[in-house]
Amino acid sequence: MAAGAPRVFVSHLSGVPVFDPNGDQVGRVRDLVAMLRVGGRPPRILGLVVEVVSRRRIFLPMSRVTGVESGQVITTGVVNMRRFEQRPTERLVLGEFLDRRVRLVESDEEVTVLDVAIQQLPARRDWEIDKYFVRKGRGGALRRKGETLTVEWSAVSGFSLEEHGQGAENLVATFERLRPADVANALHHLSPKRRVEVAAALDDDRLADVLEELPEDDQVEILGKLKEERAADVLEAMDPDDAADLLSELPEEDKERLLTLMRPDDAADVRRLMAYEERTAGGLMTTEPIVLRPDATVADALARVRQSDLSPALAAQVYVCRSPDETPTGKYLGTVHFQRLLRDPPFTLVSSIVDSDLVPLPPDTPLPTVTSYLAAYNLVSAPVVDESGSLLGAVTVDDVLDHLLPDDWRETDFHGEGGIRHGR
């Protein structure tokens, strides 16, 4: 763990206010949600349980938390207001970890957990449990007897999973080490019953990433076994183009019901994509490229490019447009490639280095033309612009490859003989 990474004791988070980027209070922290892991690895913090004004308790993923400091939590502003429901693989830190009797590994002495410290991993938004504040002896948190000490997570037994058994909890913890494509490959080869059990135990963001890598039949099967509100949450967490592709495989009434349950902004993006033919630029594009106004600086652009949840293809360039800066935007002015951003001073306006030479793609551009365009200009993404000059989205090379490969390419076991082998 890098020195200086943020560390917070969870008792200090209880009841602290949660604010959106505009400074408006969303609610207050009531607990933290953790997932135990195999192999002696520290429990991972999945998110916060936040009580909003209506006293409803909702789940806020740590990926949506941008700051934990000065007695407050700052979010990205995207909050799902559905009621929090604890899943079998999840543990509540304040509710289940504190006052728990555990043992010190070195002495086998029984101690009581009084507090838990969490720490953010370097250069990421992921958080893990880092240390435990414990009291020796049999006194609980209200008794003042017994020596207290702060120990590393590895010095305490009782907070990790054994690597055996058939519970979904163990498989989910094991899969956490894998890339989404590898988890999808493993899920595909499980029995249908087991596949649905494990998929249901994944958190929304993780399941969304995995669904994007699964064959369509598996996607439809898993989505159909989820509760409708959970299915809508997962669709919101998917890239809009992937969510649109998945919904297009469902019966019309199921599709409309799920779109109605989704947040209006997310549903609008998906509906817009579903209006285009599948094998066209409009059907392939994502509606969430990096869009900047002309008065943004290189420093602003690099800050956006550094966001951890962006794919490499989307982070390769930014699109400069007049207001509004959400798709469909105002007038599209051009692109700035990541390499150009690295060569210019931070205070440089992106409008002064924009590349406007490349003609953008109309949304009805067929797949072969999109492929040729990316290959001819050595691009990993390309702008899609409508007749009025507004940026609608961007087509990325990974989405193009999905449609160029054989329909059953995801069903290939690329860990087998003759396939791709991953080093340890």
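Residues numbered from 1 in each chain as written. Predicted model: local features only at pLDDT ≥ 70, side-chain atom pairs only at ≥ 80, totals over all residues. Heavy atoms only, no water.

K.L.:
Describe empty space enclosed by the protein, and please don't skip the residues or the numbers.
P.N.:
The final tally for this structure, using the stated rule, is one cavity of 30 Å³ or more. Its volume calculated, the largest cavity comes out at about 80 Å³. M35, R44, L46, T89, V172, F175, E176, A201, L202, D203 and R206 together form the lining of the largest cavity. In the lining of the largest cavity, the residues fall into six nonpolar, one polar and four charged. (1 Å grid on protein atoms, 1.4 Å probe; cavity = no way out; pocket = protein on both sides within 12 Å on 5 of 7 lines; lining within 4 Å. Points joined across faces, edges and corners; volume = space filled by probe spheres on them. Nonpolar A, V, L, I, M, F, W, Y, C, P; charged D, E, K, R; others polar.)

K.L.:
So, the confidence of the model for the chain: which residues are in play, and what are the values?
P.N.:
This prediction gives the chain a mean pLDDT of 84; 88% of its residues lie at or above 70. Per-residue pLDDT stays below 50 along residues 413-424; that stretch engages in 15 contacts with residues further than four places along the chain or on separate chains. (pLDDT = per-residue confidence, 0-100. Contact = heavy atoms within 4.5 Å.)

K.L.:
Which residues make up a nonpolar patch on the surface, and what values go with them?
P.N.:
Residues L401, L404 and L405 make up a contiguous nonpolar surface patch of roughly 250 Å² in combined accessible area. Of note, L401 is situated in helix α16 (residues 397-404). (Patch = residues over 30% accessible without salt bridge, like charges linked within 9 Å, V, L, I, M, F, W, Y side chains within 5 Å. Areas by Shrake-Rupley, 256 points an atom, 1.4 Å probe, with all protein chains shown as cover. Salt bridge = Lys/Arg side-chain N within 4 Å of Asp/Glu carboxyl O. Helix = DSSP H or I, 4+ residues; strand = E, 2+ residues; numbered from the N terminus.)

K.L.:
Describe the environment of G77, with residues and values.
P.N.:
Take G77: it is sitting in the loop between β7 (72-75) and β8 (90-92). When the C-alpha positions of G77 and D24 are compared, they lie 9.3 Å apart, and in sequence the two are 53 residues distant. In contact with G77, not counting residues within four places along its chain, are D20 and P21.

K.L.:
Residues and numbers for the pattern of salt bridges, please.
P.N.:
As enumerated under the stated definition, the model contains 25 salt bridges in all. D204 serves as the salt-bridge partner of R230, at 2.5 Å between the closest nitrogen and oxygen. Of this pair, R230 sits in helix α7 (residues 228-237) while D204 is found in helix α5 (residues 204-211), placing the two residues 26 residues apart along the sequence. For the pair formed by R230 and D204, the shared burial category is buried. R272 is paired through a salt bridge with D269; the nearest N and O atoms lie 3.2 Å apart. Of this pair, R272 and D269 both sit in helix α10 (residues 264-274), three residues apart, roughly one helical turn. (Buried < 20%, exposed > 50% of the residue type's maximum accessible area, 1.4 Å probe, protein only.)

K.L.:
A description of a negative patch on the surface should follow, citing residues and the corresponding values.
P.N.:
Judged by side-chain charge, E216, D217, E249, E277 and E278 come together as a negatively charged surface patch. By the element assignment, E216 lies in helix α6 (residues 216-225). (Lys, Arg positive; Asp, Glu negative; His and termini not counted. Charge placed at Lys NZ, Arg CZ, Asp CG, Glu CD.)

K.L.:
With reference to specific residues and values, describe helix α12 (residues 298-305).
P.N.:
Of the positions making up α12, those classed as buried are V298, A301, L302 and V305. Projected onto a plane normal to the axis of α12, the buried residues spread over an arc of 95 degrees and lie on a single side. Of the surrounding elements, those touching the buried residues of α12 are β14 (291-292), α13 (312-315), β15 (317-321) and α14 (338-343). (Arc of directions from axis to C-beta.)

K.L.:
An account of the nonpolar core is requested, with residue identities and associated values reported.
P.N.:
In a soluble, globular protein the nonpolar side chains are often hidden away together inside. Among the nonpolar cores identified, the biggest contains 53 residues, and L207, L223, L235 and V395 are the most heavily contacted of them. Filtering out sequence-adjacent residues up to four positions away, L223 remains in contact with A231, L235, L246, L250 and L258. If you look at the next biggest cluster of nonpolar residues, it comprises 38 residues, including V18, V68, L98 and L104. (Core = buried A, V, L, I, M, F, W, Y, C linked by side-chain atoms within 4.5 Å.)

K.L.:
Just give me the short version of the side chain of D266, but keep the residues and values in it.
P.N.:
One can find D266 in helix α10. A distance of 2.9 Å separates the side chain of D266 from the side chain of R263, its partner in a polar contact. (Polar contact = N/O pair within 3.5 Å; in protein donor to acceptor, adjacent residues only side chain to side chain.)

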